[in-house]
Amino acid sequence: MNKIIIVGGGAGGLELATKLGHKLGRKNKAHIVLVDKNRTHLWKPLLHEVAAGSLDDGIDAISYRAHAKNHGFVFKLGELADIERGNKKVKIAPFCDDNGTVVLPETELQYDILVMAIGSVSNDFNTKGVREHCIFLDSPDQAHKFHSLMLNKFLQLATHETKNVSIAIVGAGATGVELSAELYNSLDQISSYGFDDLKPKDLKVTLVEAGPKILPALLDKISTSVHRELMKLGVDVLTNTMVTEANETGLVTKSGDVIKADLIVWAAGIKAPNFLNNIAGLETSRINQLIVKQTLQTTRDNNIYALGDCASCSQEGGGFVPPRAQAAHQMSSLVAKNILATLNSKPLKDYKYIDYGSFISLSGYSTVGNLMGSLTKGSMKIQGRIARFVYVSLYRMHQVALHGYIRTVLIAIIERVNRIIRPRLKLH
Ligand SMILES: Cc1cc2nc3c(=O)[nH]c(=O)nc-3n(C[C@H](O)[C@H](O)[C@H](O)COP(=O)(O)OP(=O)(O)OC[C@H]3O[C@@H](n4cnc5c(N)ncnc54)[C@H](O)[C@@H]3O)c2cc1C
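Source: prediction; values computed, not measured. (Residues numbered from 1 in each chain as written. Predicted model: local features only at pLDDT ≥ 70, side-chain atom pairs only at ≥ 80, totals over all residues. Heavy atoms only, no water.)

## Observations regarding the sheet that holds strand S7 (residues 89–92)
Phase 1 of the analysis: With antiparallel pairing, the three strands of this open sheet are ordered in space as S6-S7-S10. Of all the strands in the sheet, just strand S6 (80–84) and strand S10 (107–110) have a single pairing partner and so form its edges. Within this sheet the neighbouring strands show an average axis-to-axis angle of 25°, counted without direction.
Phase 2 of the analysis: Bridge analysis of S6 against S7 gives four bridges, and the strand direction is antiparallel. Note that in S7 the partner of Leu80 across the bridge is Ile92. (Pairing = 2+ DSSP bridges. Helix = DSSP H or I, 4+ residues; strand = E, 2+ residues; numbered from the N terminus. Axes fitted to C-alpha atoms, helices over the stretch in contact; angles between N-to-C directions.)

Dropping the structure here:
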């Protein structure tokens, strides 16, 4: 029986494992194994909400093991360490507990087809002091770390241990922009839980962007409209500002200015993990992504696919597929089709990125974005409730791919009920 290993159970990888589990695993036509370094899955675009406390991932995260049991694949907990292409094996690093004690030794898994879907990490561009003094939002653990530091700062503010809280966010892409707005929402919410003294003016959020505008990948009209909304909330938006250093007191810019900050979040760009660089002789990009053909097979090995943020896939008309959840979703569908085609000796299909638009949610305050498509004759700016609906639809599409329509509707109902019976902010 063919062995298919998928490494990384994120936005793309978990959807793929679920699809292949249904089509092949359940029918004993192939053995599907999903490897992830975490025990649970949380859709990554929700991480800034975990950081700000507006989402409790203890409730929303999916257990890989339970999902695997219900969907015809096997889950293996562990972190990919290396690939041996010669004898078609992946090496999984020893699994250690929080104290560094080895729980499981290094293991090897044999594959016929390997799919790399390990996502990306923040790119600090080797900026001085960033690793030591900034928090990244690459994983739920990092989001929890920020959340607990933020709660401590708010506690100090409420008990007059400090006069204000300053948070700097470097990078005004979707993550930085959405987090800025979430922080004001958190302060607003927390003040209703016994911290009456907390006022928006006590929170100073500075959003720092090296380029000339925020949300550089989006249309000017979206970027201008979001910029205006952020300023209304109280965010200090600094464009054309290059950060050259982070230290214990804040940030230093290229022009020598100092931005004081109690907490700094670095969200200024992404790269694939460093260990991917030239792994097993595969072709990789400047930011360590595995270079793939239009079939999403890696350029030097047809048995190895890559999808999502860790793949570098060129687009018709120039440029590369952007590292986004909708790209990971679309790529996982194509890889599933191409794996089925390979097993049935049929020709493979090419991937074509379809941009359905981009949406930015400024917490409960506003949602804005542009819808792309033939109906809108190119791009159309939308705002408010419709924009919020489309924004949430992207997550619902992911849930449908994992759970099907009926369960997704049930989950949506439970989310609504939770919003009534649980605190609106995670307070611990
Ligand atoms: C805060 C935030 C907000 C975002 N907002 C949006 C948005 O609004 N819209 C949008 O389109 N995109 C958004 N993105 C980008 C989007 O999250 C990514 O493009 C998408 O998650 C990529 O999917 P993926 O499957 O490639 O990787 P991921 O979803 O990152 O999944 C990677 C998986 O691989 C696992 N893994 C990593 N390394 C290893 C290893 N060595 N061994 C085993 N497992 C490993 C990880 O645990 C993870 O489960 C956002 C990202 C962030 C951080």
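That shown, we press on.
## What to know about a nonpolar patch on the surface
Phase 1 of the analysis: On the surface, Tyr405, Ile406, Val409, Leu410, Ile413, Val417, Ile420 and Ile421 cluster together into a nonpolar patch covering about 910 Å² of accessible area.
Phase 2 of the analysis: Mapped onto the elements of the fold, Val417 is located in helix H10 (residues 384–421).
Phase 3 of the analysis: Take Val417: its relative accessible area is 40%, and that puts it in the partly exposed class. (Patch = residues over 30% accessible without salt bridge, like charges linked within 9 Å, V, L, I, M, F, W, Y side chains within 5 Å. Areas by Shrake-Rupley, 256 points an atom, 1.4 Å probe, with all protein chains shown as cover. Salt bridge = Lys/Arg side-chain N within 4 Å of Asp/Glu carboxyl O. Buried < 20%, exposed > 50% of the residue type's maximum accessible area, 1.4 Å probe, protein only.)

## With respect to the layout of surface pockets
Phase 1 of the analysis: Taken as a whole, the second largest pocket encloses approximately 210 Å³ of empty space.
Phase 2 of the analysis: Lining the second largest pocket we find 15 residues, and of these Glu132, His133, Cys134, Ile135 and Ile264 sit closest to its centre.
Phase 3 of the analysis: Among the secondary structure elements, those contributing two or more residues to the lining of the second largest pocket are helix H5 (130–133), strand S13 (135–136), helix H6 (140–158) and strand S20 (263–266). (1 Å grid on protein atoms, 1.4 Å probe; cavity = no way out; pocket = protein on both sides within 12 Å on 5 of 7 lines; lining within 4 Å. Points joined across faces, edges and corners; volume = space filled by probe spheres on them.)

## As for the side chain of Thr298
Phase 1 of the analysis: Within the fold, Thr298 resides in strand S23 (residues 297–298).
Phase 2 of the analysis: Within polar-contact distance, the side chain of Thr298 engages the backbone oxygen of Asp301 at 2.8 Å.
Phase 3 of the analysis: Those residues in contact with Thr298 that lie beyond four places of it in its chain are Leu282, Leu290, Ile291, Val292, Lys293, Ile304, Tyr305 and Ala306. (Polar contact = N/O pair within 3.5 Å; in protein donor to acceptor, adjacent residues only side chain to side chain. Contact = heavy atoms within 4.5 Å.)

## Observations regarding the site of the ligand
Phase 1 of the analysis: Among the 29 residues in the neighbourhood of the ligand, the closest are listed as Gly12, Asp36, Leu80, Asp309 and Ala325.
Phase 2 of the analysis: Lys37 places a main-chain nitrogen or oxygen 3.3 Å from a nitrogen atom of the ligand.
Phase 3 of the analysis: Within the backbone of Pro323, one N or O atom sits 3.2 Å away from an oxygen atom of the ligand.
Phase 4 of the analysis: With three residues, the top contributor of residues to the shell around the ligand is helix H9 (residues 325–343). (Near = heavy atom within 4 Å.)

## Comments concerning helix H7 (residues 174–190)
Phase 1 of the analysis: With 17 residues, H7 extends 24 Å between its outermost C-alpha atoms, agreeing within 8% with the 24 Å of an ideal straight helix rising 1.5 Å per residue.
Phase 2 of the analysis: Burial within H7 is extensive, with 14 of its 17 residues counted as buried. (Expected span 1.5 Å × (residues − 1).)

## With respect to the sheet that holds S20
Phase 1 of the analysis: Spatially, the five strands line up as an open sheet ordered S13-S20-S14-S15-S16, and their pairing is parallel. Strand pairing shows two members of the sheet lacking a second neighbour, S13 and strand S16 (236–238), which therefore form its edges.
Phase 2 of the analysis: Direction of pairing for strand S14 (residues 165–170) relative to strand S15 (residues 203–208): parallel, over a ladder of six bridges. Bridge assignment links Val165 to a residue of S15, and that residue is Leu203.

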